[in-house]
Amino acid sequence: MHNLVMDESAQINNQPLSDEYEYLFMDGIWEKVKGGGWDNTKAVVLCVLGVKTDGSRKLIGFTLARAEDEDSWRQLLENIKQRGLVGNALNLITMDDSVGAKAAIDKIYPSVPIQNCLVHKLRSVQSKTSYKHKTAVIEDLKAITNAQSPDEAIVAAKAIVKKWYVKEEKAM
């Protein structure tokens with residue numbers, strides 16, 4: 001797997017990029033790897049997906065790392081910036097709650113707002129909810145994900161917090 005990842009990584013990570021990307025999605029995917037000095041160990045594939053102003057999406061960078069730390073993310077983002085995505089059109093970077101990724105973004109694209117991924121936020125709420133209330137809380141959270149507008153989502157989120165704060169303080 002290591003050689004396959006490294007070959008694919010070289011192809012993607014050497015392509016020139018335009019500065020037309022409006023959004024970036026960043027995530028680390030943990031996998032068990034073998035070969036190339038990675039025998040029987042877990043490693044993380046750091047991935048960056050770019051979305052252009054026309055809505056087209058493309059994997060613009062990824063690498064195999066030992067951790068989701070600042071240095072690994074910084075190297076990947078520096079590579080992306082050096083290949084042409086300087087960030088003039090970037091409006092938002094969406095990611096999980098990785099401290100290392102956030103620190104790297106603050107150094108490479110300091111003026112771009114960061115938003116935590118909705119899926120990661122929902123998983124966090126779910127993991128902190130007691131088994132007794134998990135089904136009901138998840139059902140209520142659907143009001144946020146099914147909202148037709150940001151304002152509607154905010155109203156739904158406030159209602160959920162008001163309803164569950166006393167019983168599920170850690171989750172809210």
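Everything numeric in this text was worked out from a predicted model, so none of it was measured. (Residues numbered from 1 in each chain as written. Predicted model: local features only at pLDDT ≥ 70, side-chain atom pairs only at ≥ 80, totals over all residues. Heavy atoms only, no water.)

(A) Representation of the pairing of strand β1 (residues 21-33) within the structure. Sheet topology places β1 next to strand β2 (residues 41-52); 12 bridges connect them, and they run antiparallel. Looking at β2, one finds that Met26 is bridged to Val48. Bridging between β1 and strand β4 (residues 92-95) involves 4 bridges; their strand directions are parallel. When the bridges of β4 are listed, Met26 appears paired with Met95. (Pairing = 2+ DSSP bridges. Helix = DSSP H or I, 4+ residues; strand = E, 2+ residues; numbered from the N terminus.)

(B) The arrangement of the packing of helix α2 (residues 70-82) against helix α3 (residues 99-108) in detail. It is the contact of α2 with α3, at a shortest axis distance of 8 Å, that shows an interaxial angle of 40°. Crossing of α2 over α3 shows right-handed handedness. From α2, Glu70, Trp73, Arg74, Leu77, Glu78 and Lys81 reach across to α3, where they touch Gly100, Ala101, Ala103, Ala104, Ile105, Lys107 and Ile108. Looking at side-chain class alone, the contact of α2 with α3 contains 7 nonpolar, 1 polar and 5 charged residues. (Axes fitted to C-alpha atoms, helices over the stretch in contact; angles between N-to-C directions. Left-handed = near helix turned anticlockwise from the far one by under 90°. Contact = heavy atoms within 4.5 Å. Nonpolar A, V, L, I, M, F, W, Y, C, P; charged D, E, K, R; others polar.)

(C) Focus on the environment of Glu8. Topologically, Glu8 is positioned in helix α1 (residues 2-13). Among the residues examined, Glu8 registers a relative accessible area of 36% and is labelled partly exposed. (Buried < 20%, exposed > 50% of the residue type's maximum accessible area, 1.4 Å probe, protein only.)

(D) Representation of the nonpolar core within the structure. Residues Met26, Val48, Leu77, Ile80, Leu85 and Tyr109 are the most contacted members of the largest nonpolar core, which totals 23 residues. Elements with a minimum of two residues in this core: β1, β2, β3 (57-65), α2, β4 and α3. If you look at the next biggest cluster of nonpolar residues, it comprises 10 residues, including Leu141, Ala153, Ile160 and Trp164. (Core = buried A, V, L, I, M, F, W, Y, C linked by side-chain atoms within 4.5 Å.)

(E) Representation of the sheet that holds β4 within the structure. Taken in spatial order, the 5 strands of this open sheet run β3-β2-β1-β4-β5, and their pairing is mixed. One side of each edge strand has no neighbouring strand; the edge strands of this open sheet are β3 and β5 (114-116). Taken over all neighbouring pairs, the strand axes of this sheet differ in orientation by 20° on average, direction set aside. Alignment of β2 against β3, held across 8 bridges, turns out to be antiparallel. Bridge assignment links Leu49 to a residue of β3, and that residue is Leu59. Strands β1, β2 and β3 of the sheet are contacted by α2, whose axis makes an angle of about 35° with β2.

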